[in-house]
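Next come the chains, spelled out residue by residue.
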Amino acid sequence: MKEFLRQLVQVETTAEKGELAAAQIIAAELHRSGIDCRIDGWVQNRANITAQVKSSGSKAALLFVSHLDVVGPGEASWSHPPFAAVQSDGKIYGRGTVDMKGAIAAIVTAIRQIVDSHAQLQGDIILFGAAGEETNSCGAKRFISNCGTMPKLAGVVVTEPTDFEVVTAHRGLLWLKIVTKGKAAHGSTPELGINAIASMKYLLDELENYKIPFEPHHLLGECSMSINTIAGGKEINIVPDICTVGIDIRTLPAQNHEDIVQDFEKIFAQLKQRNSQFTAEVSVVRDVGALETDCSCDFVMDFCSFMGTSQTKAVGFTTDGPYFSSLGVPVVIFGPGKPELCHKPDEFIEISDVEKAVQYYKNIILEFLT
Ligand SMILES: [Zn+2]
């Protein structure tokens, strides 16, 4: 299993390189136990993988969802090369070890061991490995729009790192791009142009006092907003005609993303009334709903009692989970590794956690499907 995990890390499934190589490694691993799978590939090596272990069909199926892609290694230096999958002190280091190739190695190994043991399954095991979770959820969206023939599901387990906590809620995200538009002019005659950077400053001053109106959530806290990118101007002697900011908004369940976009449009209209030269446009870069699974449903209650906990938790990051809850199926997030290591330099996973995850996933499958 360690070698399998190391191979998954070494294939560098960033947005630039795509997921195809990881899908092929998983397919080869599943074939060792005679498990068929389907790789669905499209442009630029993007790939989803789906495997289904058939059963007698007397019980509803379990769907395990992982993502194959990883974020880039970032600018900071690493003490081990980010895609070498170096093993040291009982850990494997590398981008994607926690988020979430450790979990993929564990769930694939668990499914293989179940199949190799000839367990009499009454419900199908479905494994879905998604492309693009870190960028635009293209893989999950593609799977959902083509999944018409799937058997009835008892529940979905998203194998993101939760350090073995049972997670049923996370905030959504709404990424906005705002562009202020001006008029270019020679830098020596600024009065003939409209400075888009000055317009952006006008807007940013207004946003200093703006808070998205919404009641805090008992598990997830507040809705948050942060302006995280800014770009404007090409040359020091040209009045800029465009300035752009990127805003990261994290939303709560039941919060309407469309309302937030409309709020920004209202602010633009007010600023335009005060200053007729002000022009701005907002567009949505990414939009993922929040997740809130009903903790009193049978699936979550059974999952929790089986894990020996009475409490489900919330996490700060988002997942592909909401796309699956849109099918009307309960979704829990449960996997190995510390979530605070995600997307950071020197990301690592404890090998013992991956081994523990194999046991947990096997027990979950046996509990729900036999
Ligand atoms: Zn992840």
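In what follows, the structure referred to is the one given above.
Residues numbered from 1 in each chain as written. Predicted model: local features only at pLDDT ≥ 70, side-chain atom pairs only at ≥ 80, totals over all residues. Heavy atoms only, no water.

Student: Help me understand the overall build of the protein chain, please; the structure alone is not making it clear to me.
Tutor: Looking only at helices and strands, one finds nine helices and 18 strands in the protein chain. By its C-alpha atoms, the protein chain is 80 × 45 × 35 Å across when sized along the principal axes. In the protein chain, the share of contacts with a sequence separation of at least 24, taken over all contacts with a separation of at least 6, comes to 81%. Here the protein chain displays about 16,800 Å² of accessible surface, and carbon together with sulfur accounts for 49% of that area. (Helix = DSSP H or I, 4+ residues; strand = E, 2+ residues; numbered from the N terminus. Contact = heavy atoms within 4.5 Å. Areas by Shrake-Rupley, 256 points an atom, 1.4 Å probe, with all protein chains shown as cover.)

Student: Just to check I follow, could you spell out unusual backbone geometry for this structure?
Tutor: Peptide bonds are trans in most cases, and residues, glycine excluded, mostly fall at negative phi. Residues aspartate 99 and methionine 100 are joined by a peptide bond in cis, for which omega reads -10°. Along the chain, methionine 100 falls in helix 3 (residues 97–116). Residues other than glycine seldom take positive phi values, yet aspartate 89 does so here, at roughly 50°. Looking at where aspartate 89 falls in the secondary structure, it is placed in the loop between strand 4 (87–88) and strand 5 (91–93). Positive phi outside glycine occurs at alanine 254, with the angle close to 75°. Topologically, alanine 254 is positioned in the loop between strand 13 (242–251) and helix 6 (257–274). On the basis of relative accessible area, alanine 254 is assigned to the exposed category, the value being 77%. (Buried < 20%, exposed > 50% of the residue type's maximum accessible area, 1.4 Å probe, protein only.)

Student: Would you take a moment to explain a negative patch on the surface for this structure?
Tutor: On the surface, a cluster of negative charge is contributed by Glu258, Asp259, Glu265 and Asp287. Sort the elements by how many residues they give to the negative patch and helix 6 lands first, with three residues. Looking at where glutamate 265 falls in the secondary structure, it is placed in helix 6. (Patch = residues over 30% accessible without salt bridge, like charges linked within 9 Å, V, L, I, M, F, W, Y side chains within 5 Å. Salt bridge = Lys/Arg side-chain N within 4 Å of Asp/Glu carboxyl O. Lys, Arg positive; Asp, Glu negative; His and termini not counted. Charge placed at Lys NZ, Arg CZ, Asp CG, Glu CD.)

Student: Mind showing me how you'd approach the layout of surface pockets here?
Tutor: Left-over empty space is what a probe sized like a water molecule reveals as it rolls over the atoms. As a volume, the largest pocket reaches approximately 440 Å³. As for the largest pocket, its lining consists of 25 residues, and the residues nearest its centre are Val71, Asp99, Glu133, Glu134 and His343. When the residues that make up the lining of the largest pocket are grouped by side-chain class, the tally is nine nonpolar, five polar and 11 charged. Lining the second largest pocket we find 14 residues, and of these Arg38, Thr50, Phe143, Asn146 and Cys147 sit closest to its centre. Of all elements in the fold, only strand 1 (37–42), strand 2 (46–53), strand 6 (125–130) and helix 4 (138–145) reach the threshold of two or more residues within the lining of the second largest pocket. (1 Å grid on protein atoms, 1.4 Å probe; cavity = no way out; pocket = protein on both sides within 12 Å on 5 of 7 lines; lining within 4 Å. Points joined across faces, edges and corners; volume = space filled by probe spheres on them. Nonpolar A, V, L, I, M, F, W, Y, C, P; charged D, E, K, R; others polar.)

Student: Looking at this model, I keep getting lost on empty space enclosed by the protein. Mind explaining?
Tutor: Enumeration according to the criterion identifies two cavities of 30 Å³ or more in this entry. Looking at the largest cavity, its volume works out to about 40 Å³. Along its surface, the largest cavity is lined by Ile26, Ile49, Ser66, Leu68, Ile104, Ile107, Val108, Leu127, Phe128 and Gly129. Only helix 3 and strand 6 provide two or more residues apiece to the lining of the largest cavity. Per-class residue counts for the lining of the largest cavity are eight nonpolar, two polar and no charged.

By themselves, these observations are geometric and do not establish any function.
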